[in-house]
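Coordinate inspection notes
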Amino acid sequence: MRILKVSVALMFLASCAGAPPHPVNIVMPGDKTMSCDIVHAQINNNNNLINRLYSEQNEKVAQNVAAGIGGLFFWPLWFFMDFQNSAKIEISALEQRNNYLSTLTDTCTE
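Description of the structure in this document. What you see is a predicted model; the values in this text were computed from it and never measured.

Quick word on a nonpolar patch on the surface
Taken together, the side chains of V61, V65, I69, L72, F73, F74, W75, W78 and F79 define a hydrophobic patch exposed on the protein surface, amounting to about 990 Å² of accessible area. Take F74: it is sitting in the loop between α2 (36–71) and α3 (86–104). Residue classification places F74 among the partly exposed positions, given a relative accessible area of 45%.

Given below as structure tokens:
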């Protein structure tokens, strides 16, 4: 009975193993009225965020590998694996936004 309670508790905790993705909108209101400096600043900020998300994605892969191997010896660890690919989805959205923003800079003169 005690093992059952621990297993159920682990399953509830495992539901918190990964956060759902929150991708940015590719086109936002006011994009067309932004100055070139602001567009460039946004692209730079997005690139910094992309780099941070790549690191986060690598950490999640390492965590999943550890949980997968550990699960061979203690199966409840498999519930802690994260298959949502939140970082990958957010990276893709940021890259698409940067592509869109770069089309806005085509009219800039520097």
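Moving on from the coordinates now.
Here we look at α3
The end-to-end C-alpha separation of α3 is 27 Å, in line with the 27 Å expected for 19 residues at 1.5 Å each. All of the buried residues in α3 are S86, A87, E90, I91, A93, L94, R97, N98, Y100, L101 and L104.

Thoughts on the packing of α2 against α3
One way to put it is that α2 packs onto α3 with a least axis distance of 9 Å and a crossing angle of 160°. Put simply, α2 runs roughly antiparallel to α3. When you trace α2 past α3, the crossing you get is left-handed. Mapping the contact onto sequence places V39, Q42, I43, N46, N47, L49, I50, L53, Y54, E56 and Q57 in α2 and A87, K88, E90, I91, L94, E95, R97, N98, L101 and S102 in α3.

Side note on the side chain of N46
Within the secondary structure, N46 is located in helix α2. What makes N46 buried here is its relative accessible area of 12%. Those residues in contact with N46, other than ones at most four positions away along the chain, are L94, R97, N98 and L101.

Side note on the nonpolar core
Listed in full, the six residues of the largest apolar core are M34, V39, I43, Y100, L101 and L104. Secondary-structure elements contributing two or more residues to this core are α2 and α3. The biggest single contributor to this core is α3, with three residues. Setting aside chain neighbours within four positions, we find L104 in contact with D31 and K32. By size, the runner-up hydrophobic cluster in this structure holds five residues, among which are I50, L53, A87 and L94.

The rules behind these values
- Residues numbered from 1 in each chain as written.
- Predicted model: local features only at pLDDT ≥ 70, side-chain atom pairs only at ≥ 80, totals over all residues.
- Heavy atoms only, no water.
- Patch = residues over 30% accessible without salt bridge, like charges linked within 9 Å, V, L, I, M, F, W, Y side chains within 5 Å.
- Areas by Shrake-Rupley, 256 points an atom, 1.4 Å probe, with all protein chains shown as cover.
- Salt bridge = Lys/Arg side-chain N within 4 Å of Asp/Glu carboxyl O.
- Helix = DSSP H or I, 4+ residues; strand = E, 2+ residues; numbered from the N terminus.
- Buried < 20%, exposed > 50% of the residue type's maximum accessible area, 1.4 Å probe, protein only.
- Expected span 1.5 Å × (residues − 1).
- Axes fitted to C-alpha atoms, helices over the stretch in contact; angles between N-to-C directions.
- Parallel < 35°, antiparallel > 145°, perpendicular 65-115°, else oblique.
- Left-handed = near helix turned anticlockwise from the far one by under 90°.
- Contact = heavy atoms within 4.5 Å.
- Core = buried A, V, L, I, M, F, W, Y, C linked by side-chain atoms within 4.5 Å.

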